[in-house]
Amino acid sequence: MTQNTELETRYWDLVDQLIDQANSACEHLDPSAVSAALLNAAARFNAFAVATASLDRNEFTEEIEPAIQHLSGRYRELLRDNLEDYREHYKVYIRPEEA
């Protein structure tokens, strides 16, 4: 297995683990509350990731706006792709009895 493939596998395994945890949380909370918690957690973790990638406070300060632009743009792309996937497969994902 190449390193890139191994990293991709680990990446998608982590995505699946986080989604599984969110799905489990939906057993006790409304999906909108779980969604809000995931969004908050992603924002907090991304702030940490940007800060730890910076050499110092000045570099971090300079990276804030580019990070916001990059991360919010990437979120829009991912959200659009996933909403489109759900639109195309709505009956399979949400109403399998109607598929």
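Quick note: structure is the one above.
Residues numbered from 1 in each chain as written. Predicted model: local features only at pLDDT ≥ 70, side-chain atom pairs only at ≥ 80, totals over all residues. Heavy atoms only, no water.

Enquirer: Even after reading the chapter, I still don't get the packing of aromatic side chains, so can you show me in this structure?
Expert: Within this structure, the stated rule accounts for three aromatic pairs. Ring geometry for tyrosine 11 versus tryptophan 12: centroids 4.9 Å apart, planes at 85°, classification edge-to-face. Its relative accessible area of 45% is what places tyrosine 11 among the partly exposed residues. Summarising the aromatic geometry, the rings of phenylalanine 45 and phenylalanine 48 are spaced 5.5 Å apart at their centres and angled 50° between planes, so their arrangement reads as tilted. On the criterion of helical spacing, the pair formed by phenylalanine 45 and phenylalanine 48 is a turn pair, its members being three residues apart in helix α2 (residues 31-53). Overall, the relative accessible area of 52% leaves phenylalanine 45 in the exposed class. Residue classification places phenylalanine 48 among the partly exposed residues on the basis of a relative accessible area of 47%. (Phe/Tyr/Trp six-rings, centres within 6.5 Å; stacked < 30°, edge-to-face > 60°. Buried < 20%, exposed > 50% of the residue type's maximum accessible area, 1.4 Å probe, protein only. Helix = DSSP H or I, 4+ residues; strand = E, 2+ residues; numbered from the N terminus.)

Remember that the coordinates give geometry; whether it matters functionally is a separate question.
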